[in-house]
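Close look at the chain arrangement
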Amino acid sequence: KVLSQPGAAAHRVVAAKRRVAGRWRLAVAAVAGVALLAVGGFLGWNAYRQSLTESPPPALDIRPALELPDRPSIAVLPFDNLGGDPQGEKFSDGFTESVITSLAKVPRLFVIARNSSSVYKGKAVNISQVGRELGVKYVLEGSVQRADGRLRVSAQLIEAATGRHLWADSWDRELKDFFAVMDDITRNVVTELRIKLTRGESFRYSMRETRNFEAMETFWKGVGLRIRFRKDHNLTARETFLKAMQMDPGFARPIALVGFTHLDEFRFGWSKDRAQSFKLAEEWARRAIATNDASFAGHWVLGEIHAYKRQYQLAIAESQRTVELEPNNTITHALLGRSLTYAGRPQEAMASFKISIRINPFSETFVLNNFGQATHLAGRYEEAIPIFRKVLERLKTGVVPRQARLWIIAGLMELGRKEEVRAEVEKFIALFPEFSLRREAELAKREPFKDPAVMERHIELLRQVGLSE
């Protein structure tokens, strides 16, 4: 990677380390296996993300103006792989993900999500341009190599607007010190940016839910399966989460996600006994919270459960708890937006979704889909339709794109654009020939909106366009 001005000083540091690192011998295959366990969880998620699209997700045209936040802001560029081998490339990707995750736990620090900063991977970048495009004041970059059972890392912190090199350091540690290096990098960034932390906050950013690499890898494989929103993948995801639990019983996230697989069975009608599925979802959510109250995942699932119970204030409170635990997590703000939407507060929900998208301009499709719903329900149909079209650019099959197309049709109906409605209906019927409006109406009734008229209106609009009962 070649850096143009500003930032050339930092590039010289990286280049020098690359020349030295290039003389290292690659580790034997056994060492490679250990390294892959360290980052395998992230690879499962990345493989899933790549399977959804033919090309990297485009920037979100509707994202807010990328002004600097009111607190120190940073983007972590993909760490260079100095080994040159494919496995090393995967390792460097996982290392970058770990650095971002560690920094994201720091209160009063704004951190760009990885799938936004990763668009610069392998490209010649201008640091000031990165700062402008992602709306951050600082950029962290570096290099990583695993060799001979050791982990060799260099990192540099740069002020984006000026290219001023604020801090640089390097580590040569045993591979087992993977997480310790993460904490060192985080601590140095916090110190350099003069972010004052209380003792409790210091503990929070250094705390990790698991140090079992195999459990982490297995968990993220389960996540990739679950978010496909298909009955068969949902069952396989549950089995995968249960395996991760066995590997590390104190790892709360897979416990919570077992609950989510039961909740998905309930809400998508995949279970013969929906009441039992709902009961199991709550049991697993509470078990996750009992295992680790500081893990946001259990509160996430419990918040969804409260919404389906029509306990809207409790749902919002649990969602707010996830934001408190992980304020730099794009998902937690989206969860709050979802809870507010159900509670009949779509304008407030839009604000939460915009924060989520500001953290991650290349947001996940389910975040965009829920943002689109909130925007539609706020009566802002012209703004909602492009959001749903972004979903369709990213995802072609499954529940989410089907819903997105239906919301586009409903939005066009609200706007009175009948010619466009006809074209969209033709596309929908071709893509979903087995669609039943009666079945869709049954699913809509299960959505926990405080005002049932919300979904009644939605279904009535779809009935008017002549979709098959």
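Keep in mind it's a predicted model, so treat the numbers as computed, not measured.

For the chain, the count of helices and strands is 21 helices and eight strands. Burial status across the chain gives 59% buried among its 469 residues. For the chain, long-range pairs separated by at least 24 residues make up 67% of all intrachain contacts whose partners lie at least 6 apart in sequence.

The end-to-end C-alpha distance of helix α13 (residues 312-325), which contains 14 residues, comes to 20 Å, matching closely the 20 Å that a straight helix rising 1.5 Å per residue would cover. Along α13, the residues classified as buried are Tyr312, Ala315, Ile316, Glu318, Ser319, Thr322, Val323 and Leu325.

It is worth spelling out the packing of helix α11 (residues 274-291) against helix α12 (residues 296-308) at this point. The contact between α11 and α12 brings their axes to 8 Å, and the two run at 145°. Handedness of the crossing formed by α11 with α12: left-handed. Where α11 approaches α12, its residues Phe278, Ala281, Glu282, Ala285, Arg286, Ala288 and Ile289 are matched on the opposing element by Gly298, His299, Val301, Leu302, Ile305, His306 and Tyr308. In terms of residue class, the contact of α11 with α12 is made up of nine nonpolar, three polar and two charged.

Turning our attention to unusual backbone geometry. The phi dihedral of Arg310 falls on the positive side, at around 65°, and the residue is not glycine. Its place among the elements puts Arg310 in the loop between α12 and α13. Given a relative accessible area of 39%, Arg310 falls into the partly exposed group.

A few words on the pattern of salt bridges. Applying the stated criterion across every chain, the model contains 31 salt bridges. Arg345 is paired through a salt bridge with Glu348; the nearest N and O atoms lie 2.8 Å apart. What makes Arg345 partly exposed here is its relative accessible area of 28%. By relative accessible area, which is 39% here, Glu348 ends up partly exposed.

Attention shifts here to the pairing of strand β2 (residues 73-76). A two-sided burial pattern is seen for β2, the buried positions comprising Ser73 and Ala75 on one face and Ile74 and Val76 on the other. Judged from the two bridges that link them, β2 and strand β4 (residues 110-111) form a sheet pairing that is parallel. Pairing of Ile74 across the sheet is with Val111, part of β4. Sheet topology places β2 next to strand β6 (residues 138-147); three bridges connect them, and they run parallel. The partner of Val76 across the bridge, within β6, is Leu140.

This part covers the environment of Gly269. Here Gly269 shows up in the loop between α10 (252-268) and α11. Given the relative accessible area of 25%, Gly269 is considered partly exposed. As for Gly269 and Lys231, which are separated by 38 residues in sequence, their C-alpha atoms are 9.4 Å apart. Dropping the residues within four chain positions of it, Gly269 is found in contact with Asp264, Arg439 and Arg446.

Conventions we followed
Residues numbered from 1 in each chain as written. Predicted model: local features only at pLDDT ≥ 70, side-chain atom pairs only at ≥ 80, totals over all residues. Heavy atoms only, no water. Helix = DSSP H or I, 4+ residues; strand = E, 2+ residues; numbered from the N terminus. Buried < 20%, exposed > 50% of the residue type's maximum accessible area, 1.4 Å probe, protein only. Contact = heavy atoms within 4.5 Å. Expected span 1.5 Å × (residues − 1). Axes fitted to C-alpha atoms, helices over the stretch in contact; angles between N-to-C directions. Left-handed = near helix turned anticlockwise from the far one by under 90°. Nonpolar A, V, L, I, M, F, W, Y, C, P; charged D, E, K, R; others polar. Salt bridge = Lys/Arg side-chain N within 4 Å of Asp/Glu carboxyl O. Pairing = 2+ DSSP bridges.

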